[in-house]
Every structure is written in C-alpha cells, then in structure tokens.
Amino acid sequence: MWLSKTFKNTRSVAAETGTVAIGGSSTLKTSSTLQSANVQSYAPYGYSSYAPAGEEILIINSAEGSVGSGTRMSDGSLDEGEISIKSRGGACIRLKKDGTVEINGFVFTHEGAIKNPKGETVA
C-alpha cells in the first residue's frame, strides 16, 4: 500500500525556472525548488556567456543531470525580427529590421555608412 501511494504520486518535472546563485561560463550553481551545483550551461552554437548571479534561468532536468538553457530575456525595446546582444557593463550590439547594425550607439548602414549616436555620418 505504501509503495503504491509513493510511486503513484511522483511527478517528474521536465523544466523549471531558478536563479543563478554562482555564475560560470560552462557550469553554474542555481537555486530553484532544489539547489543544484555543476549545472551545465547550453547555448546555440558559437554563443558563449557568463550568466551573473541573480539572473533567472530555465533549468531542464535530464538523465545526465540539470542543464541551464538560458536566462530570461529582458529587452522589451526590440521590434519584430530584431536581435540584441548586451553585456552587464552596457556594451550593446543590435541587428535592426531595416538592415542596419548598431554598436554602442553607432549605426552601420547596409550601404556602408557609419553614423554616430547624434545621427551624423562619420565615415
């Protein structure tokens, strides 16, 4: 009876959100419903990041252990189809829907012109 109740009520959670307790470039320590150490960090090919403490992260439970699949996005200023990459220090690269690339306020047009943050062509 005890065994049937115990196994009947178990549910496996595939994913949950947590908070980065200690960041890292390949492994993290997180806190969610359980504390997890050595959480492997995964990203699309070619991308690397070091998630800082305090960021919300999606944790996916697998047969190999817990993995972090990314932090919560927070850039609400993007238009449809745009991409933004930001560092905690304020560096920013934005790929805009009109074909321009903005790097720390400088705009690189698809024709090759460079405009400063005031909109003046500098090259």
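Up top is the structure these notes are about.
Residues numbered from 1 in each chain as written. Predicted model: local features only at pLDDT ≥ 70, side-chain atom pairs only at ≥ 80, totals over all residues. Heavy atoms only, no water.

Novice: Help me understand the sheet that holds strand 6 (residues 83-86) in this model?
Specialist: Read across the open sheet, the five strands follow the order 6-7-8-9-10; overall the sheet is antiparallel. A strand with exactly one partner marks an edge of an open sheet, and here the two such strands are strand 6 and strand 10 (114-115). Relative to strand 10, strand 9 (residues 106-108) runs antiparallel, the two being bridged by two bridges. Among the inter-strand pairings, Val107 is bridged to a residue of strand 10, identified as Lys115. (Pairing = 2+ DSSP bridges. Helix = DSSP H or I, 4+ residues; strand = E, 2+ residues; numbered from the N terminus.)

Novice: Where do I start with the pairing of strand 5 (residues 65-71) in this structure?
Specialist: Moving residue by residue along a regular strand, the side chains alternate between the two faces of the sheet. Note: strand 4 (residues 56-62) against strand 5, six bridges, orientation antiparallel. Bridging across to strand 5, Asn61 finds its partner in Ser66. Connecting strand 4 to the next strand, strand 5, in antiparallel fashion are two residues.

Novice: Explain unusual backbone geometry to me, please; I cannot follow it from the model alone.
Specialist: What you tend to see is this: most non-glycine residues have negative phi, and most peptide bonds are trans. We note that Asn104 has phi near 50°; this positive angle belongs to a residue other than glycine. Along the chain, Asn104 turns up in the loop between strand 8 (101-103) and strand 9.

Novice: For this particular structure, what's the right way to read the environment of Ala51?
Specialist: Here Ala51 lies in the loop between strand 3 (35-41) and strand 4. Between the C-alpha atom of Ala51 and that of Ser41, which follows or precedes it by ten residues, the distance is 9.1 Å.

Novice: What exactly am I supposed to notice about a nonpolar patch on the surface here?
Specialist: Taken together, Tyr47, Ile83, Ile85, Ile93, Leu95, Ile103, Phe106, Phe108 and Val122 make up a surface patch of nonpolar side chains, about 760 Å² in accessible area. Within the residue set of the nonpolar patch, elements represented by two or more residues are strand 6, strand 7 (92-95) and strand 9. Topologically, Tyr47 is positioned in the loop between strand 3 and strand 4. (Patch = residues over 30% accessible without salt bridge, like charges linked within 9 Å, V, L, I, M, F, W, Y side chains within 5 Å. Areas by Shrake-Rupley, 256 points an atom, 1.4 Å probe, with all protein chains shown as cover. Salt bridge = Lys/Arg side-chain N within 4 Å of Asp/Glu carboxyl O.)

Novice: Would you explain the side chain of Thr100 in this entry?
Specialist: With respect to the element layout, Thr100 can be found in the loop between strand 7 and strand 8. Side chain to side chain, Thr100 and Asp98 meet in a polar contact 2.6 Å long. (Polar contact = N/O pair within 3.5 Å; in protein donor to acceptor, adjacent residues only side chain to side chain.)

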